[in-house]
Amino acid sequence: MIAIHVNGKERRIQAAADKPLLWALREDLGLTGTKFGCGAALCGACTVHVNGEAVRSCVLPLQAIQKRKVTTIEGLSPDCTHVVQQAWIAHQVPQCGYCQSGMIMAASALLARTSQPTDAQIDDAMTNLCRCGTYTRIRAAIHSAAAALAQTTSEGT
């Protein structure tokens, strides 16, 4: 039995310690928002947060995440009200949508550490692959989300 902390709750699953986090999330916990893409940590469809950092879950064994906090797209916002999700909708980023949960998780991790990223910082952080090529919309959505976060922060002070 392995205990992992996912989306704010401790969960116990019967799985091998070397099982990739992606498959534990999808198969054992029923959290199917995190997608399988390449299985080699290249495409980013499987991106989740581990202790706030964007990581590729398809190659991350369960044994590596014990005592660390995992957040999936379902945990980011169950009702799509997270500022990055709202920016994605406003900028009509998704085409096929397969890579989008990983993209949103990578973008939200970027904004958590860099409140007003430049285009170069976005390009460096967003290494996820989008077969539909919506990269200009992705960049615009990230800038929009950063502006929204800045507005929220300035209103709160």
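Details of the structure are given in the entry above.
To start, this report covers the structure provided alongside it. (Residues numbered from 1 in each chain as written. Predicted model: local features only at pLDDT ≥ 70, side-chain atom pairs only at ≥ 80, totals over all residues. Heavy atoms only, no water.)

Once that is clear, we can look at the overall build of the chain. Along the backbone of the chain there are six helices and five strands. N-terminal to C-terminal, the α/β element order of the chain is β-β-α-β-β-β-α-α-α-α-α. For 157 residues, the compact-globule estimate of 2.2 N^0.38 gives 15 Å, and the C-alpha radius of gyration of the chain, at 15 Å, lies within 12% of that figure. C-alpha extents for the chain along the principal axes are approximately 45 × 40 × 25 Å. When each of the 157 residues of the chain is scored for burial, the buried share is 41%. Within the chain, counting contacts between residues at least 6 apart in sequence, those at least 24 apart form 56% of the total. For the chain, the accessible surface area stands at approximately 8,000 Å², while carbon and sulfur atoms represent 51% of it. (Helix = DSSP H or I, 4+ residues; strand = E, 2+ residues; numbered from the N terminus. Rg over C-alpha atoms; globule rule 2.2 N^0.38 Å. Buried < 20%, exposed > 50% of the residue type's maximum accessible area, 1.4 Å probe, protein only. Contact = heavy atoms within 4.5 Å. Areas by Shrake-Rupley, 256 points an atom, 1.4 Å probe, with all protein chains shown as cover.)

Along helix 3 (residues 83–90), the residues classified as buried are Val83, Val84, Gln85, Ala87 and Trp88. In the segment just after helix 3, glutamine 92 is the residue with positive phi, at about 50°.

Across a sheet, paired strands are connected by hydrogen bonds in the backbone, their directions being either parallel or antiparallel. Spatially, the five strands line up as an open sheet ordered 2-1-5-3-4, and their pairing is mixed. Two strands bound the open sheet, and with one partner strand each, they are strand 2 (9–13) and strand 4 (53–56). Strand after strand, the sheet turns through a mean of 40° between neighbouring axes, direction not considered. When strand 1 (residues 2–6) meets strand 5 (residues 69–71), the two strands line up parallel, connected through two bridges. Note that in strand 5 the partner of valine 6 across the bridge is valine 70. Seen against the sheet, helix 1 (residues 21–28) touches strand 1, strand 2, strand 3 (47–50) and strand 5 and runs at an angle of roughly 100° to strand 3. Taken strand by strand, helix 4 (residues 100–113) contacts strand 3, strand 4 and strand 5, and its axis lies near 35° from that of strand 3. (Pairing = 2+ DSSP bridges. Axes fitted to C-alpha atoms, helices over the stretch in contact; angles between N-to-C directions.)

Next up on the list: helix 1. Among all positions of helix 1, only Leu21, Leu22, Ala24 and Leu25 are buried. Those residues of helix 1 that are buried lie in contact with strand 1, strand 2, strand 3 and strand 5. Glycine 30 occupies a position one or two residues after helix 1 and carries a positive phi of about 70°.

Examined against the element boundaries, aspartate 123 turns out to sit in helix 5 (residues 119–125). Put simply, aspartate 123 and tyrosine 135 are 12 residues apart on the chain and 9.2 Å apart in space, counted from C-alpha to C-alpha.

A separate point is the side chain of arginine 56. For arginine 56, the position within the fold is in strand 4. Within the local environment of arginine 56, its side chain forms a polar contact with the side chain of asparagine 128, the two groups lying 3.5 Å apart. In this structure, arginine 56 is in contact with Ala41, Leu42, Cys43, Gly44, Cys46, Thr47, Thr127 and Asn128, ignoring residues within four places of it in sequence. (Polar contact = N/O pair within 3.5 Å; in protein donor to acceptor, adjacent residues only side chain to side chain.)

Scanning all chains against the criterion turns up one aromatic pair. A ring pair is formed by tryptophan 23 and phenylalanine 36, whose centres lie 5.3 Å apart and whose planes are at 40°; its orientation type is tilted. One end of the pair, tryptophan 23, is in helix 1; the other, phenylalanine 36, is in the loop between helix 1 and strand 3, and 13 residues separate them in sequence. (Phe/Tyr/Trp six-rings, centres within 6.5 Å; stacked < 30°, edge-to-face > 60°.)

Read these as geometric descriptors, not functional statements.
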